[in-house]
Structure formats: structure tokens, C-alpha cells
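Listed below, chain by chain, are the residues.
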Amino acid sequence: AFDLGGRKLIFVLGGPGSGKGTQCARIAVELNLTHLSAGDLLRAEVARGTPLGAELNKLMAEGQLVPMAVTIDLLRSAMSASPGSAGFLIDGFPRELDQGLAFESALSLTPDAVLFFDCPLPVLEQRLLKRGETSGRADDNLASIQKRFRTFETQSMPVVMHYKAQGKVVWVSSAHAVETVYAMTRGMLMQHFPQWVPEPGLKL
Ligand code: AP5
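This one's a predicted model, so the numbers in the text were calculated from it and none came from an experiment.

Glancing now at the packing of helix α6 (residues 121-135) against helix α7 (residues 142-164). The N-to-C vectors of α6 and α7 enclose an angle of 140°; their axes lie 10 Å apart at closest approach. By the angle between their axes, α6 is oblique relative to α7. In this structure, α6 crosses over α7, and the sense of that crossing is right-handed. Here α6 contributes Leu 121, Leu 124, Glu 125, Leu 128 and Leu 129 to the contact with α7, which in turn contributes Leu 142, Ile 145 and Phe 149. Among the residues making up the contact of α6 with α7, the classes are represented as seven nonpolar, no polar and one charged.

Taken in spatial order, the five strands line up as β2-β3-β1-β4-β5 in an open sheet, and their pairing is parallel. Pairing within the sheet leaves two strands with one partner each, and these edge strands are β2 (34-37) and β5 (169-173). Ignoring which end each strand starts from, the neighbouring axes of this sheet average 20° apart. Pairing geometry for β2 and strand β3 (residues 87-91), over four bridges, is parallel. By the bridge assignment for β3, Ser 37 is matched with Asp 91. Those strands touched by helix α2 (residues 38-47) are β2 and β3, and its axis lies near 60° from that of β2. This element, helix α8 (residues 178-192), spans β4 (113-118) and β5 of the sheet and lies at about 160° to β5.

Moving on, we come to the nonpolar core. Grouped together as the largest cluster of nonpolar side chains are 39 residues, with contacts concentrated most on Ile 10, Val 12, Leu 89, Ile 90, Val 114, Leu 115 and Phe 116. Broken down by element, the residue count for this core peaks at six residues, all from α7. Apart from residues no more than four positions distant in its own chain, Ile 10 is found in contact with Gly 87, Phe 88, Leu 89, Ile 90, Pro 111, Asp 112, Ala 113 and Leu 115.

Basis of the calculations
Residues numbered from 1 in each chain as written. Predicted model: local features only at pLDDT ≥ 70, side-chain atom pairs only at ≥ 80, totals over all residues. Axes fitted to C-alpha atoms, helices over the stretch in contact; angles between N-to-C directions. Helix = DSSP H or I, 4+ residues; strand = E, 2+ residues; numbered from the N terminus. Parallel < 35°, antiparallel > 145°, perpendicular 65-115°, else oblique. Left-handed = near helix turned anticlockwise from the far one by under 90°. Contact = placed C-beta atoms within 7 Å. Nonpolar A, V, L, I, M, F, W, Y, C, P; charged D, E, K, R; others polar. Pairing = 2+ DSSP bridges. Core = buried A, V, L, I, M, F, W, Y, C linked by C-beta atoms within 7 Å. Buried ≥ 20, exposed ≤ 12 C-beta atoms within 10 Å, placed from the backbone.

By themselves, these observations are geometric and do not establish any function.
See the structure below:
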């Protein structure tokens, strides 16, 4: 079990390029949340040059999900190592229903909310092809982007629907300018957590 000590747990989902990383970076600062990205943790493992990293890199370049035990272990360690904050924003997780259920049972935790960034494929392609010019990410090419999108629709959308049935999904249309998406997200999170009292000085 993992003791959240009253802190919030928010999962963040959305197709490739839907703005998870961009929005989480800002929300985390403003709401004093620890932002952990499953993709970043996996890329850090790849960068270590281990045999496991090589295996992960291949799956990621193909737009496939990596084995769930790997992601859950990386997240659990990162959460344990995190400093005190108002909670966790876990970006890019869970990407399949079994992964979510396994995490809930391994850590005896359930999310307080699931933030979902909804964005159509043509917008995602445009954003990621542009980012691919400089990102160096092995999966920012058209074939990988389309595969990641299909993986999201078939494997991750059922996660969104699962938590929607529990009334936990904060659904944001993210095919707008960054500022607009941020303002909508902030407003909808505040609606979802009416008791959330922001720290003095924070502009909510
Ligand atoms: P991950 O790293 O999570 O990548 P992803 O889901 O493909 O998403 P991205 O990081 O590409 O995009 P994002 O939504 O964060 O958007 P961003 O803000 O960067 O996962 C990579 C891979 O790892 C997976 O495919 C899988 O193989 C593996 N993996 C990860 N988690 C896993 C898990 N739980 N289980 C198993 N496998 C897992 O924005 C993208 C670009 O658009 C940027 O250039 C940004 O500047 C721009 N942009 C953002 N918002 C806007 C806007 N509103 N207007 C214009 N441009 C914008």
C-alpha cells in the first residue's frame, strides 16, 4: 500500500501530442502537485542504456505500450522519492484498463480525478511533426504518431470510459491554443474539487 497522506492523485490521459506534458507542467506549479510522466520515466530508463531500456525503446518507437509491471514499478519508486506536495499528477498513465486496476490494487489507491485531453488526429499530427523537427524523439514520425493514436483509441480510451462511469473524468477539449486549454483545465479542476483551497497568492 502507498500512503497518500490525504494528498490528491490525478491521472492525466490523452492522445499523443494532446498537451499532457505542456499543461501538467503549469498545473503542477500552480497547484503544488508533483508531476510524474510515465513516458519521461521510461525515456530515462532508455537513456541509462540498460538491456531493459533497449527493449523499451523498441516498443516505444513502434508506438506500443511497454509491459505494465515496468511502468508501475517506475511510478511507485518516483512517487516514494517525491517531496511533500498537495498530490500527484500522473501523466500518461494508466494506458490500459488492466494497468490501472493493477496499480490500484498494488498501491491500494484510487484516483481522485482523471484529466482527459481530447484532441483530433489531424491536430496531433501537425503538433508532433513540428516537434519532431527538434525533439529527437524516436516516435515523432508520421507512422509512429498514427500507431500511438490507434493504441490510445483502442487501449487507453476504455480507461477514460471506466473512470467516467465513476464520475471522475475532467474532460477538456485540447484542440485550442495553450492558454485557452490551460484556462479551461484550471476552471474545470476547480469545479471538480470545490473544496480545494488554493495557496495564498496563487491565481485561480
Ligand atoms: P508519452 O511520453 O506519454 O507520449 P505521448 O502520449 O505520445 O504524448 P506526447 O508526450 O507526445 O505528447 P503530450 O500529450 O505530452 O503533448 P505535449 O504537451 O508534449 O509516451 C510515449 C510512449 O511511452 C508511449 O507511446 C508508450 O510506448 C510508452 N508509454 C508511456 N506511458 C506508458 C504506460 N503507462 N504504459 C505503457 N507504455 C507507456 O505537446 C506536444 C507538442 O504540441 C509540443 O511540441 C507542444 O509544444 C505542442 N502543443 C501542446 N499543446 C498545444 C496547443 N494547445 N497548441 C499548439 N501546440 C501545442
